[in-house]
Amino acid sequence: DQRMDWNQPEPPSPAKRPRKRARTAKAVDNGNRGKVHVPRVKLPKVRSVRTNLIAALEAYHLACAIAEDDYLYVRVLRATGDDQSVNVGFVQLQSRSSSTFADARQAMNSDLDPTCLPNEEWRFFIPSLGPMSLKQESSLGPMLKFLQDSSIDPTLGDGSCRHPVKALIRQTGTAVTNAADAIPDDMV
């Protein structure tokens with residue numbers, strides 16, 4: 001073996017070169033020995049999908065802004081005994097900012113077919129509060145504001161022609177049709 005190795009050149013040894021550190025930004029010496037400051041690169045602000053959606057909805061709402069004193073459109077729903085409601089029709093009131101439940105009652109009696117409304121006496125029904133008296137219809141103020149303040153229902157509507165506000169009516173004058181409407185004896 002040794003006779004053959006003497007005439008072979010030695011294999012080259014790998015030269016070790018110092019590796020250079022890759023830098024994304026130019027290093028700047030602050031005058032501090034041994035400390036190098038690398039300036040931060042500002043990335044462009046990327047808007048999330050949620051932020052874009054919120055911005056689009058706000059722009060749509062501004063584009064479709066409804067005049068404060070435009071007509072108020074009311075979809076009239078009649079409550080049935082099984083916690084369901086039937087669409088009776090709709091009425092148009094003169095003012096979004098000042099029309100009351102009494103105005104809605106008057107418009108319903110004059111604009112809707114008599115067959116659409118209950119045969120007997122009826123009342124507006126506020127799901128979170130209960131039935132409304134005839135005196136309350138004119139004393140509680142603007143209908144739209146009252147319904148928006150008393151409800152968390154996202155499908156209530158804004159009173160526009162595209163999204164009429166929902167008004168629920170319920171027949172009165174007969175025995176209570178829904179056990180949930182009954183007042184317990186200890187509350188009387």
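1. Considering the packing of aromatic side chains
One pass over the full model with this rule turns up 3 aromatic pairs. Both rings, one in F101 and one in F124, keep their centres 5.1 Å apart while their planes meet at 65 degrees; by these two values the pair is edge-to-face. With F101 in helix α3 (residues 101–111) and F124 in strand β5 (residues 122–126), this pair connects stretches of sequence that are 23 residues apart. Side by side, F101 and F124 carry an identical accessibility label, which is buried. Judged by centre distance (5.9 Å) and plane angle (85 degrees), the rings of F101 and F146 are edge-to-face. Of this pair, F101 sits in helix α3 while F146 sits in helix α5 (residues 143–150), and the two are 45 residues apart along the sequence. Using a relative accessible area of 0% as the deciding quantity, one classes F101 as buried. Here the aromatic residues F101, W122, F124 and F146 are joined through ring pairs into a cluster of three or more. The ring of W122 is capped by R105, whose NZ or CZ atom sits 3.9 Å from the centre of that ring. Its end group placed over the ring of F125, R170 keeps NZ or CZ at 4.1 Å from the ring centre.

2. Structural notes on the pairing of β5
Counting buried residues along β5, 5 of its 5 residues qualify, which places the element largely inside the surrounding structure. Neither face of β5 is exposed, since W122, F124 and I126 on one face and R123 and F125 on the opposite face are all buried. In terms of strand pairing, β5 meets strand β7 (residues 165–171) through 4 bridges, oriented antiparallel. Across the sheet, residue F124 finds its bridge partner in β7, namely I169.

3. As for the sheet that holds strand β4 (residues 85–93)
Spatially, the 5 strands line up as an open sheet ordered β4-β3-β7-β5-β6, and their pairing is mixed. The sheet is open, and its two borders are formed by β4 and β6 (130–131), each paired with just one other strand. The sheet contacts of α3 involve β3 (72–79), β4, β5 and β7, and relative to β5 the element is tilted by about 130 degrees.

4. Concerning the environment of L134
As for its position among the elements, L134 is in helix α4 (residues 134–139). Overall, L134 belongs to the partly exposed group, its relative accessible area being 44%. Between the C-alpha atoms of L134 and R123, which are 11 residues apart in sequence, the distance is 7.6 Å. The contacts of L134, once residues within four sequence positions are left out, are R105 and R123.

Reading the values: rules and limits
- Position labels on residues start from 1 in each chain and follow its written sequence.
- For this predicted model, a pLDDT threshold of at least 70 governs which residues receive local features, and a threshold of 80 or more governs which side-chain atom pairs are given and counted, while totals over whole chains, interfaces and linings are taken from all residues.
- Hydrogen atoms and water are omitted, and side-chain values are computed over all heavy atoms in the structure.
- Between the rings of Phe, Tyr and Trp (Trp by its six-membered ring), a pair exists once the centres lie within 6.5 Å; its type follows the angle of the planes, with under 30 degrees stacked, over 60 edge-to-face, and the other angles tilted.
- Numbering of helices and strands runs from the N terminus; a helix is a DSSP stretch of H or I covering at least four residues, while a strand is a stretch of E covering at least two.
- When accessible area is computed with a 1.4 Å probe and restricted to protein chains, residues below 20% of their type maximum are described as buried, those above 50% as exposed, and intermediate ones as partly exposed.
- By definition here, charges over rings are those cases where NZ of Lys or CZ of Arg is within 6 Å of the ring centre and within 35 degrees of the ring normal.
- Two strands form a pair only when DSSP identifies at least two bridges running between them.
- Contacts were defined at the residue level, with two residues in contact if any of their heavy atoms lie within 4.5 Å.
- Note on geometry: axes are C-alpha line fits, over the in-contact stretch for helices, and angles between N-to-C directions span 0 to 180 degrees.

Purely geometric numbers; function is a separate question.
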